[in-house]
Amino acid sequence: QDPVVAKKPRLAFVTNCVAEFWTVGSFGVEAGKQEFGVEAVVRMPANGTADEQKRILEDLLAKGVQGIALSPKDPENMTALLDKVASRAVLITHDSDAPKSKRLCYIGMDNYDAGRMCGQLVKQALPGGGAVVILVGNLDQDNARRRRQGVIDELLGRTHDATRFDKQDAVCKGDLYEIRATFTDQFDRQKGKAAAQDALTRWSDVACMVGLFEYEPPLMLEAVKSANRLGKVALVGFDENEATLQGIVDGHIHGTVVQNPYEYGRRSMELLAKLVAEVDAKKREALLPKGGFLDIPARQIKRDNVRAFWDDLLQKTGKKK
Amino acid sequence: MKKIVGLVALLLVIAVITATFSYDPITDSNPFLSAYNLENLLQRVGLFGVLSVAAAFVIVTGGIDLSIGAVVCVAGCLLPWFLRDLGWSAPLAILTTLAIAAAIGAWHGLLVVGLGLQPFVVTLCGLLLYRGIMRGFTGDQTMGLGDTAEELRWLATGKVALTEQFGLPVPMLLLVGIAVLTSFLWTRTVWGRHLFALGRNEEAARFAGVPTARLTVAAYIACSLLAGLGGCLFVLDVNSAQASNFGNFYELYAIAGAVLGGMALRGGEGMVLGIVLGAALMQLLPNTIRLLGDSDKLEFAVVGGVILAGAAADAVLARWWQRRPRR
Amino acid sequence: MKKIVGLVALLLVIAVITATFSYDPITDSNPFLSAYNLENLLQRVGLFGVLSVAAAFVIVTGGIDLSIGAVVCVAGCLLPWFLRDLGWSAPLAILTTLAIAAAIGAWHGLLVVGLGLQPFVVTLCGLLLYRGIMRGFTGDQTMGLGDTAEELRWLATGKVALTEQFGLPVPMLLLVGIAVLTSFLWTRTVWGRHLFALGRNEEAARFAGVPTARLTVAAYIACSLLAGLGGCLFVLDVNSAQASNFGNFYELYAIAGAVLGGMALRGGEGMVLGIVLGAALMQLLPNTIRLLGDSDKLEFAVVGGVILAGAAADAVLARWWQRRPRR
Amino acid sequence: MTASLLALRGIGKAFPGVRALQDVDLTIERGEVVALIGENGAGKSTLMKVLAGVYRPDAGELWLDGALVALKSPAEALRLGIALIHQELSLCDNLTVAGALFLGAELRRGPFLRRRAMDVQARHWLLRLGLTVEPAALVATLSPGQKQLLEIARALRAKARVLIMDEPTSSLTLPETERLFTLVRELRDQGVGVVYISHRLGEVRELADRVVGLRDGKNSGELQRAEITHERLVGLMVGRTLSATRRVAHVPGDAVLQVKGLRTAAFPQAVVELAVRRCEVVGIAGLLGSGRTELLRALFGADRALAGDVTIAGKATAGRGPGAAAAAGLVLLPEDRKQQGLVLGMSVRHNLSLPTLRGRGVLIDRAYEAALAMRAIAELEIAARGPDQIVGTLSGGNQQKVVLGKWLAANPRVLLLDEPTRGVDVGARSEIYARLHALAAQGLAILFVSSELEEVLALADRALVMRQGAIVGELAGAALTEANVMMLATSMESR
Ligand SMILES: Nc1ncnc2c1ncn2[C@@H]1O[C@H](COP(=O)(O)OP(=O)(O)OP(=O)(O)O)[C@@H](O)[C@H]1O
Ligand SMILES: Nc1ncnc2c1ncn2[C@@H]1O[C@H](COP(=O)(O)OP(=O)(O)OP(=O)(O)O)[C@@H](O)[C@H]1O
Ligand SMILES: [Mg+2]
Ligand SMILES: [Mg+2]
């Protein structure tokens, strides 16, 4: 028996769905494994539901995992479950926080803030104001709601309040900007494209489209191209789909807000490794970042910084040496 | 009976493999056989088993219910609403939810029997319709119990202690109860006899004076009622339901469990014990994968592959059995 | 024939309603009737219509193929891989993808015919299996074409100009071609006659010397082949595919389109024209909702409700027609 | 004067495109056996279905014990004591024999089944009909003849006041038929009114107290017990006399079908050897369950034989399935027309052309198909609205004619027929015999099974008698008599 192997902490990184975004995250986990000498598994709930997550967590505990980094699907209602998990293993959250639970800390950014950053991009692209259409995978997911709310609040010049929620069919009209509609596509790409096309059909005056999920900005781009309205409709995206980045390079997409899933993965491993090694609860406290929040801020990627960002991304995901 | 033996064998083989490979020499423990894991497994079998029995009620009649997942969604969204937003008492909330589920079943039955629509069509539309209505109703907000109804959650997460370490999960007990009742209903009562007869040859049963229309409607009601019960248990278990995906695909798991357990989709054939075993297999496999595998990417592939292999082996063995020379 | 008339009437009613209410007095334009929207609609009908015809091939035999969405996923993930990662030429990539799809169909057919497994079971396992394998194969990474194969994308996004404003989308032309061919095959050839006979009564067809086993396998191959073609078109249309959700639920849309168009799930009944109209209805409804509605929350509900209402109206009318006093 | 047990007055019933019944009257007294006769498609089954609550008539009244009743469902008819044995088998084959026997009238204690009691009573009923199967056996494992007996047992069990039997004996052999007659007479003596439908005119003569004729959906006359003769029965049915068919002598050629050492799964001990030559018509006789159907199915390859060689014109086909047999020129007209004989949902034309569409390229030769349909409809006198009528809506006898028509057109080398004229009326029957003889004269080898001895005598050059899966004798020429066949078929060892 190799004593070094025996001592390696066993960790897990649990996401809230299957997505390209999280494959980048799992590269971060991979990097963290090497760097901090841990064993780790990545678990992605295929249907992206809370009950799948519950069963995954239970099986991880059964497996004897010592530390778990989780992106909770429904933080509000999962508190009791998370507390139970926290009593059997070290639990931290990433990407989406569950502040009411006994998780030790949160790694990530605030989706509401990221949404506001996205809103700023819209403002830059459309200084004179206009009609905006939002595309989102679905609206019952916490991060989606917060992102959308951030965009709306920023555009309507509202105060910073992450708990606000405008219903899907609510009228959102400010002095300059008007949110005409929010379309959901339930992660079906063809449907996303159809929704973007139908929005362009319905309103001849749409001035900007915002895609809040990773695969959506390229679909909007396709739709705008097919409608021959390239350049007439500003596009703002979220996340780092390669077609989005290419669109920015080509000047068809104004910009995108990127999170840093790679760092979520890597830093989760780092923090969990330390926390698991420390048995004493008091000393553990000391290891935590201030306020139990490790901020990995979102960034705005525009034409000026897209190249550098893209190269770095390719490197991290092993697509380019 | 041969089917049952085959299923038990398959379950045992997978269990033994999982137990062997999940053994952890460092801690000298066996995660798969830990009380915690076994309890979890039994609880899941209980939850999904209820849905498979539900599916079986309609399959017996030669029909199919694709709306089981959507009914789970309806129950899962409504129960928290009754309990938390309307502040109803637990019994009232549960009964109302079940009544609504039963009404959905009755409506399916009437469409199938009264208008002669294909069950596949009716329940496929139902799938879209109910989930769509729930999305509208909840405004795409997550429905959760928060910390209300803590006692009620016992139904889904509670255990009846057998030893200090190990307790039987309540959903498993519920499933056992439902299975015994159903089995009794199917094999010992006039109602069950008639149900199986009409499932195989509706016309012949009608000519024999069996009230086929009424019975078919009853089967759809039983199906949706159990699906609704399942929905209640699921939401009590995970405490949160999103209309757009709660119970998604569960109809397929439920039907797969039932069919795996020996229900023939042409109707009039099957045993409850098989269904429970089929549902158990559907839960054991993901557990195995998650305990042994480094990634769960191949989960679906393994589940699909094993079921298919099992079904194929079953067919091959049955042939061999038939061809075998008799004395 | 009555079915076709009914469908056309339903399509027209919805189209007229949409056109009326989408009229914009300010710009004096009608978004629904704009060339852009009609082109989009026809293109979507083309894409999904291919899948519905695929589903129909197996439905005719009295079987069902739940793996259509998974085969779409396989084709959608493999085509970009061939074209971009392996740098294959367009014809080679397309043909290999189609060959793989056809092989999947052959495998389904062999399991159904050779081992006598239920089609529902085989293809349900297939659904899990192929999608699972693709998740493993792609490592959950999005497969995209990037800017390779721009010309090939013409197949999915191209148009054949009719007037300066309006062109017929290529997928629609493909669908028309496939539909005409299929219709010819079904109604004019010995093969088609045999297929329909075996769909209605496999045993009687076998006793009449029809090579039922071979034909059934051929039907499954045709189904998967068309599903594979659909997968190619879909990925060429949206330019990227994620194994975990690409083509999810498309089997249900495909089957719904076919059944709506008059295919009976018990087999041996149906017309290609009806299938195309059914698929068209499935695409028209969401367009209507997005052009008229305040939100798309109720999309599923409306689609489910309209299909159900259509089927019910059809059944009621058929009865009334039969009961109507004759001279 | 007491009212009749049952009276139908002015019954009318139309199906799309066809008036099946028009102003039909029928009375049944207590303790009377009324035979209902008529050509195929005359409306007999339709009338009986009206009587049993399956169809609701468009016009007319139904009086039971002098009271007007309107039947809404078969269940209601059963409650009123009207039981119908359907012409087509209608059993749930996933049930046990006892389960099927008591379906809809289970012995119960509250909602619970009294399975033991039902098994005991089932045994009693099976015994009375001479059906030697276990009450626990699955219906699916019974042969059509056994299923027919089971259906009869069901109807007797129902203790009906009106018992309707729509061709109950179409696949029964002599001993069962005689046993059935004894039971029917017993019921009649107890006051039950019986309606008996049959195309076997000998049975009608033996059993009927009164005969009612139907022609083209209308009453065509009535005969009292004393007036019943073969000629008058035929006259009532067809409205003209039929010329007797004459046997044409064939000179047999070389053997085209040769069977050596064949053993089937149902009778593993019995070894079958036989040969059928060109221009020869060979009949197989035997009792119910003697293995005749099993033999034909094994020859056709529909069931896998345990051992043995089957050669068709020199080609070995054993174990290669029906496709290979058909390719070698051997076809089978199956016993069960609903399951294996017809695609019920397709039209008459499409059914007729199904086996012969092959070999005409990819495209369907529509002209050939139309000609084939017209010819078959005319020659076999198929009472259909036209070639496009859906086969499932034809009367039973006409369905059988379609099955025959499609095989007569197939031009095989060897034709296997299992109960070829089940339910076919007398008129068409002689046509069919003539056609078969003509085909044999052209060089075809014909091997047929029939439960009707008269048919074996009328058709066969030579008859094989089967018992327990084995061929126990061969009769030809003057030795081919009813008595000799029955002696071989029932010889002591059989029970
Ligand atoms: N469901 C139906 N739809 C249309 N036509 C029907 C239907 N059932 C019966 N018919 C027609 O009604 C007529 C009478 O049929 P019926 O079955 O009563 O004849 P039958 O006297 O019993 O003949 P057989 O001696 O051949 O059994 C036939 O022309 C038949 O084609
Ligand atoms: N599918 C089956 N499974 C098991 N046993 C069967 C099956 N079909 C028939 N048998 C049995 O095989 C025996 C021979 O049946 P077969 O049908 O060959 O008899 P037959 O002489 O044609 O008489 P019938 O007039 O009943 O058709 C019967 O005893 C029957 O019980
Ligand atoms: Mg009849
Ligand atoms: Mg027989």
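This structure is a prediction, so every number in the text was calculated from the model and none was measured.

Caption draft 1: Quick peek at the overall build of chain A. Check the secondary structure of chain A and you find 12 helices and 13 strands. The C-alpha radius of gyration computed for chain A amounts to 20 Å, which stays within 12% of the reference 20 Å derived for 321 residues, consistent with globular compactness. With respect to the three principal axes, the spread of C-alpha positions in chain A is 70 × 45 × 35 Å. Residues classed as buried in chain A amount to 64% of the 321 residues present. Of the contacts made within chain A by residues no fewer than 6 positions apart, 70% connect residues no fewer than 24 positions apart. Carbon and sulfur atoms make up 50% of the accessible area of chain A, which totals about 11400 Å². Within chain A, one finds 47 positive and 45 negative side-chain charges whose respective centroids are separated by 1 Å.

Caption draft 2: How the structure looks around the site of ligand 1. Residues and elements named next belong to chain D. Not every one of the 21 residues close to ligand 1 is listed here, only the nearest: K44, S45, T46, S395 and G397. One nitrogen or oxygen atom from the side chain of S45 is found 2.7 Å from an oxygen atom belonging to ligand 1. Between an oxygen atom of ligand 1 and a main-chain N or O atom of G397, the distance comes to 2.6 Å. Here ligand 1 loses 89% of its free accessible area of 630 Å² to cover by the protein chains.

Caption draft 3: Layout of the sheet that holds strand β4 (residues 59-64) of chain D. All names here are of chain D. In spatial order, the strands read β2-β1-β4-β5; together these 4 strands make up an open sheet with antiparallel pairing. Only two strands of the sheet have a single neighbouring strand rather than two, namely β2 (18-28) and β5 (67-69). Here the strands of the sheet are splayed against their neighbours by 30 degrees on average, with no regard to which way each runs.

Caption draft 4: Representation of the coordination of the magnesium ion (ligand 3). Residues and elements named next belong to chain D. Around the magnesium ion (ligand 3), the protein contributes the donor atoms S45 (OG) and Q87 (OE1), which lie 1.9 to 2.1 Å from the metal centre. Of the two residues, S45 sits in helix α1 (residues 44-51) while Q87 sits in the loop between β6 (82-85) and α3 (97-101), which places them 42 residues apart along the sequence. For the pair S45 and Q87, a shared accessibility class is recorded, and that class is buried.

Caption draft 5: Expanded view of the interface of chain B and chain C. Listed per partner, the contact involves 46 residues of chain B and 47 residues of chain C. On inspection of chain B and its partner chain C, the count reaches 4 residue pairs in polar contact (both at pLDDT 80 or more). Elements with a contribution of two residues or more to the side of chain B that touches chain C: α4 (90-114), α5 (119-138), α11 (250-260) and α13 (299-323) of chain B. Considering only residue class, the side of chain B that touches chain C consists of 32 nonpolar, 9 polar and 5 charged.

Caption draft 6: Here's a closer look at the site of ligand 2. Residues and elements named next belong to chain D. Residues in contact with ligand 2 amount to 16 residues; listed here are only the nearest, S143, R292, T293, E294 and E335. A distance of 2.5 Å separates an oxygen atom of ligand 2 from a polar atom in the side chain of S143. The separation between an oxygen atom of ligand 2 and a polar side-chain atom of T293 is 2.5 Å. Expressed as a share of its isolated accessible area of 620 Å², the protein-covered part of ligand 2 is 75%. At the level of elements, α5 (144-157) and α9 (292-300) are the ones that each hand at least two residues to the shell around ligand 2.

Caption draft 7: Region of interest: the packing of aromatic side chains. In the structure shown here, the tally under the stated rule is 31 aromatic pairs over all chains. On the numbers, 4.9 Å between centres and 75 degrees between planes, the contact of A:F21 with A:W22 is edge-to-face. Pair check on accessibility: A:F21 and A:W22 agree, each one buried. Judged by centre distance (6.4 Å) and plane angle (65 degrees), the ring pair of B:F48 and B:Y253 falls under edge-to-face. Here B:F48 is found in helix α2 (residues 35-60), whereas its partner B:Y253 is found in helix α11, with 205 residues between them in sequence. Clustering of aromatic rings is evident, with ring pairs tying together B:F48, B:F234, B:Y250 and B:Y253.

Caption draft 8: Looking closely at the sheet that holds strand β19 (residues 414-418) of chain D. Residues and elements named next belong to chain D. The mixed open sheet is built from 6 strands, whose spatial order is β18-β19-β20-β15-β21-β22. The sheet is open, and its two borders are formed by β18 (330-333) and β22 (470-476), each paired with just one other strand. With strand direction ignored, the average angle separating the axes of adjacent strands in the sheet is 20 degrees. As judged from the 4 bridges shared by strand β15 (residues 281-286) and strand β20 (residues 445-449), these two strands associate in the parallel manner. Looking across to β20, one finds that V282 is bridged to L447.

Caption draft 9: Structural detail: the interface of chain D and chain C. Taken together, the contact between chain D and chain C spans 32 residues of the former and 19 residues of the latter. Between chain D and chain C, the buried area comes to about 2100 Å², and carbon and sulfur atoms account for 61% of it. Its largest share of buried area at the contact with chain C, chain D owes to D:Q340, D:L354 and D:I364, together 22% of the area lost on that side. Residues C:R193 and D:E369 are paired through a salt bridge, measuring 2.5 Å at the closest nitrogen-oxygen approach. Applying the counting rule to chain D against chain C returns 7 residue pairs in polar contact (both at pLDDT 80 or more). The element contributing the most residues to the side of chain D that touches chain C is helix α11 (residues 337-341) of chain D, with 4 residues.

Caption draft 10: Region of the structure containing the relation of the copies chain B and chain C. Its rotation angle being 180 degrees, the transformation that places chain B on chain C also includes 0.1 Å of axial translation and leaves an RMSD of 0.1 Å. Here the transformation between the copies is reduced to the relation of a two-fold axis. Nearest to the rotation axis, the C-alpha of B:F249 is located 4.7 Å from it, this being the minimum over chain B. The residues that chain B uses at the interface reappear at the interface of chain C in 100% of cases, marking a shared surface.

Caption draft 11: Seen up close, the nonpolar core. Ranked by size, the top nonpolar core spans 405 residues in total, and within it A:I68, B:W186, C:W186 and D:L150 carry the most contacts. Counting contributing residues per domain, this core is built from domain 1 (6-238) and domain 2 (255-489) of chain D, each supplying no fewer than three. Apart from the residues within four sequence positions on either side, C:W186 is in contact with C:A56, C:F57, C:V60, C:G192, C:R193, C:L195, C:F196, C:M263, C:G270, C:M271, C:V272 and C:I275. Ranked by size, the runner-up nonpolar core spans 30 residues in total, among them A:A195, A:L235, A:Y262 and A:V306.

Caption draft 12: Quick look at the domain arrangement of chain D. Residue and element names in this part refer to chain D. The assigned domain composition of chain D is domain 1 (6-238) and domain 2 (255-489). Distance between the C-alpha centres of domain 1 and domain 2: 28 Å. Across the boundary between the two partners, domain 1 contributes 26 residues, which contact 27 residues of domain 2. Carbon and sulfur atoms make up 56% of the area that domain 1 and domain 2 hide from each other, which totals about 2200 Å². Taken together, the links from domain 1 to domain 2 amount to 2 salt bridges.

Caption draft 13: Highlighting the coordination of the magnesium ion (ligand 4). Protein-derived coordination of the magnesium ion (ligand 4) comes from D:T293 (OG1) and D:E335 (OE), at a distance range of 1.9 to 2.6 Å. Placement of the pair is D:T293 in helix α9 and D:E335 in the loop between β18 and α11, with a sequence separation of 42 residues.

Caption draft 14: Layout of unusual backbone geometry. A positive phi angle, close to 60 degrees, is found at C:D140, a residue other than glycine. Positioned with a positive phi, D:D65 is a non-glycine residue whose angle comes to about 55 degrees. By the secondary structure assignment, D:D65 is in the loop between β4 and β5. We classify D:D65 as partly exposed; its relative accessible area is 33%.

Caption draft 15: Up close: the pairing of strand β3 (residues 67-70) of chain A. All names here are of chain A. With burial as the criterion, each face of β3 is covered, one bearing G67 and A69 and the other bearing I68 and L70. Relative to β3, strand β1 (residues 10-14) runs parallel, the two being bridged by 4 bridges. Bridge pairing links A12 to I68 in β3. In this structure, β3 lies alongside strand β4 (residues 90-94), joined through 4 bridges in parallel fashion.

Caption draft 16: Region of the structure containing the pattern of salt bridges. All names here are of chain C. Tallied over the full model, the rule gives 68 salt bridges over all chains. A salt bridge links E39 to K159; its shortest N-O distance comes to 2.8 Å. With E39 in helix α2 (residues 35-60) and K159 in strand β2 (residues 159-161), this residue pair connects regions lying 120 residues apart in the sequence. Note on E39: relative accessible area 7%, which makes it buried.

Caption draft 17: Geometry of the environment of D:A367. All names here are of chain D. You can see A367 is positioned in helix α13 (residues 366-379). What makes A367 exposed here is its relative accessible area of 58%. Note: C-alpha distance between A367 and I85 (282 residues apart in sequence) is 41 Å.

Rules and cut-offs
- Residues numbered from 1 in each chain as written.
- Chains lettered and ligands numbered in written order.
- Predicted model: local features only at pLDDT ≥ 70, side-chain atom pairs only at ≥ 80, totals over all residues.
- Heavy atoms only, no water.
- Helix = DSSP H or I, 4+ residues; strand = E, 2+ residues; numbered from the N terminus.
- Rg over C-alpha atoms; globule rule 2.2 N^0.38 Å.
- Buried < 20%, exposed > 50% of the residue type's maximum accessible area, 1.4 Å probe, protein only.
- Contact = heavy atoms within 4.5 Å.
- Areas by Shrake-Rupley, 256 points an atom, 1.4 Å probe, with all protein chains shown as cover.
- Lys, Arg positive; Asp, Glu negative; His and termini not counted.
- Charge placed at Lys NZ, Arg CZ, Asp CG, Glu CD.
- Near = heavy atom within 4 Å.
- Polar contact = N/O pair within 3.5 Å; in protein donor to acceptor, adjacent residues only side chain to side chain.
- Pairing = 2+ DSSP bridges.
- Axes fitted to C-alpha atoms, helices over the stretch in contact; angles between N-to-C directions.
- Donors = N, O, S within 2.8 Å, 3.2 Å for Na, K, Ca; no water.
- Nonpolar A, V, L, I, M, F, W, Y, C, P; charged D, E, K, R; others polar.
- Phe/Tyr/Trp six-rings, centres within 6.5 Å; stacked < 30°, edge-to-face > 60°.
- Buried area = accessible area lost by both parts, 1.4 Å probe.
- Salt bridge = Lys/Arg side-chain N within 4 Å of Asp/Glu carboxyl O.
- Least-squares fit on C-alpha atoms with pLDDT ≥ 70 in both.
- Core = buried A, V, L, I, M, F, W, Y, C linked by side-chain atoms within 4.5 Å.
- Domains from an automatic or database assignment.

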